[in-house]
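Descriptive analysis of the structure
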Amino acid sequence: MTYRTDEPLMAGVELGGTKIVCLLAAGPEDVRDEVRIPTTTPEETLPAIAAVLEKWRAGSGFEALGVASFGPLDLDDRSPRFGQIVATPKPGWGGWALTALGENMGVPVVIDTDVNGAAFAEGRWGAARGLRSYAYVTVGTGIGVGSVIDGRPVRGLGHSEAGHLRVGRLKGDDWPGVCPYHGDCVEGLASGPAVAARAGRPGGALESDDPAWTMVVHALGGLLHNLVLTTAPERILIGGGVADGQAWLFPRLRAALIDSLAGYATADRIAAGLDAFVQPPGLGARAGPLGAIALARNALPG
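The present account deals with the structure reproduced in this document. (Residues numbered from 1 in each chain as written. Predicted model: local features only at pLDDT ≥ 70, side-chain atom pairs only at ≥ 80, totals over all residues. Heavy atoms only, no water.)

1. Here's the deal with the overall build of the protein chain
Of the regular secondary structure elements, the protein chain holds nine helices and ten strands. Radius of gyration (C-alpha) of the protein chain: 19 Å, near the 19 Å computed for a compact globule of 302 residues. Counting every position in the protein chain, which comprises 302 residues, the buried fraction comes to 51%. Considering only intrachain contacts with a sequence separation of at least 6, the fraction spanning at least 24 residues in the protein chain is 62%. Of the accessible surface of the protein chain, which amounts to about 13,700 Å², a share of 53% is contributed by carbon and sulfur atoms. Across the protein chain, the mean location of the 25 positive side-chain charges is 2 Å away from that of the 32 negative side-chain charges. (Helix = DSSP H or I, 4+ residues; strand = E, 2+ residues; numbered from the N terminus. Rg over C-alpha atoms; globule rule 2.2 N^0.38 Å. Buried < 20%, exposed > 50% of the residue type's maximum accessible area, 1.4 Å probe, protein only. Contact = heavy atoms within 4.5 Å. Areas by Shrake-Rupley, 256 points an atom, 1.4 Å probe, with all protein chains shown as cover. Lys, Arg positive; Asp, Glu negative; His and termini not counted. Charge placed at Lys NZ, Arg CZ, Asp CG, Glu CD.)

2. Notes on the packing of helix α4 (residues 192-199) against helix α5 (residues 211-230)
When two helices pack together, their arrangement is given by the angle between the helix axes and by the axis-to-axis distance. Here α4 crosses α5 at 145°, and the two axes come no closer than 9 Å. At the point where α4 passes α5, the crossing takes the right-handed sense. Of the residues in α5, those in contact with Val195, Arg198 and Ala199 of α4 are Ala212, Trp213, Met215 and Val216. (Axes fitted to C-alpha atoms, helices over the stretch in contact; angles between N-to-C directions. Left-handed = near helix turned anticlockwise from the far one by under 90°.)

3. A closer look at the sheet that holds strand β2 (residues 19-27)
The five strands lie next to each other as β3-β2-β1-β4-β5, forming an open sheet whose pairing is mixed. The sheet is open, and its two edges are formed by β3 (30-38) and β5 (109-113), each paired on a single side. Going from strand to strand, the sheet's axes swing by 15° on average, the running direction of each strand aside. As paired elements, strand β1 (residues 10-15) and β2 share six bridges and run antiparallel to each other. Within β2, the residue paired with Ala11 across the bridge is Leu24. Contacts from helix α2 (residues 114-125) reach β1, β2, β4 (65-69) and β5, with the element oriented near 110° to β5. Contacts between helix α9 (residues 287-298) and the sheet are confined to β1, β2, β4 and β5, with β1 contributing the most and set at about 135° to the helix. (Pairing = 2+ DSSP bridges.)

4. Topic: the sheet that holds strand β8 (residues 152-153)
Across a sheet, paired strands are connected by hydrogen bonds in the backbone, their directions being either parallel or antiparallel. The strand order across the open sheet built from five strands is β8-β7-β6-β9-β10, with neighbouring strands paired in mixed fashion. The outermost strands of the open sheet, each flanked by one partner alone, are β8 and β10 (278-279). α2 contacts β6 (133-139), β7 (143-149), β8 and β9 (236-239) of the sheet and is inclined by roughly 50° relative to β7.

5. Side note on the nonpolar core
Soluble, globular proteins show a tendency: their nonpolar side chains are buried together. Of all hydrophobic cores here, the largest spans 39 residues; its most connected members are Val137, Leu220, Leu223, Ile236 and Ile238. The biggest single contributor to this core is α5, with ten residues. Apart from the residues within four sequence positions on either side, Val137 is in contact with Ile143, Gly144, Val145, Leu223, Leu227, Ile236, Leu237, Ile238 and Gly239. Ala127, Ala128, Val148 and Ala287 belong to the second largest nonpolar core, which has 27 residues in total. (Core = buried A, V, L, I, M, F, W, Y, C linked by side-chain atoms within 4.5 Å.)

6. Some remarks on the pairing of β9
In β9, alternate side chains face the same way, and those of Ile236 and Ile238 on one face and Leu237 and Gly239 on the other are all buried. Bridge count for β9 against β10 is two bridges, and the pairing is parallel. From the neighbouring strand, Ile236 faces β10, where its bridge partner is Val278.

7. A closer look at α9
The terminal C-alpha atoms of α9, which comprises twelve residues, lie 15 Å apart, in line with the 16 Å expected from a rise of 1.5 Å per residue. Of all twelve residues in α9, eleven are buried, a share of seventy percent or more. Tucked inside the fold, the buried residues of α9 contact β1, β2, β4, β5, α2 and β6. (Expected span 1.5 Å × (residues − 1).)

8. Concerning the pattern of salt bridges
Here the idea is simple: oppositely charged side chains can pair when their charged atoms come close. Summed over all chains, the structure comprises 13 salt bridges. Glu54 is paired through a salt bridge with Arg57; the nearest N and O atoms lie 2.9 Å apart. Of this pair, Glu54 and Arg57 both sit in helix α1 (residues 42-58), separated by three residues, roughly a single helical turn. Given the relative accessible area of 33%, Glu54 is considered partly exposed. One salt bridge connects Asp74 with Arg81, and the closest N-O pair in it is separated by 3.6 Å. It is possible to trace a salt-bridge network through shared partners that takes in Arg166, Arg169, Asp173, Asp184 and Arg198. (Salt bridge = Lys/Arg side-chain N within 4 Å of Asp/Glu carboxyl O.)

9. Some details on the environment of Pro47
When you line up the elements, Pro47 lands in helix α1. Its relative accessible area of 47% is what places Pro47 among the partly exposed residues. Once the C-alpha coordinates of Pro47 and Ala197 are considered, the two residues, 150 residues apart in sequence, prove to be 35 Å apart.

10. What to know about the packing of α5 against helix α6 (residues 249-261)
As a packed pair, α5 and α6 sit with axes 8 Å apart at the nearest point and diverge in direction by 55°. Between α5 and α6, the angle falls in the class oblique. The two elements α5 and α6 cross, and the hand of that crossing is right-handed. Only Leu249, Arg252, Leu253, Ala256, Leu257, Ser260 and Leu261 of α6 make contact with α5, whose side of the interface consists of Trp213, Thr214, Val217, Leu220, Gly221, Leu224, His225, Val228 and Leu229. (Parallel < 35°, antiparallel > 145°, perpendicular 65-115°, else oblique.)

Spelled out as structure tokens, the structure:
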């Protein structure tokens, strides 16, 4: 049920590879408007988003704008390309500046990756509330990871691209993978397109015992292993189209992680609370769109 709260009203834009979701909301229980726009060319898509934002600004208004986008993005505020989509496999979108969406809005604007946005939404309203460090993994058309440490996303020269980590391969598996940049990185082995290419059918059409899932579980288990030993999350949430509705996948991923860690470092603590450590997002499929609202909320004090 949706009802009105006293929380500040935010505008959020989640840019996905096939669609954009624009939300006017204060949080998951107070959504005033939602507009979906197909992701076509930037020349068509960005003005359509701007028109929605202008309508909201002229109406009830909003106190901040959050933009959660596919990437990679230039998020270095010292860079002349800050806010641009860079080196993306999405045709036609490289070099486009998302900062243009905030022009003339007169409110704070926050731009980040879609997975970082979803991670912040889970930290504010979902299954990561109260945690200091956690990760949100989306497994869909691509694989992305949003890692939050002490309330801040992992950031440096660029933003985290852990979905493109290379992982160990199963013995005898020499399938090249589908990533156009790295071939057999995690995304190249376990994303939706990877499952379809390997099995000849999309993941939703496969039985849980299909051999293709063995490769997916192995690759994702390697990703979880690497996250545990690098960003040290207290919890890992896994969403996205490949994981949604596949409840049987989670026990296999948990087992793969424990097997891969082989008792090292925090493996005993993880094993003691394994079901909670690796779990679906508390906000479900709404984590993505609400991520843009969470980014906007982060721009305000309190």
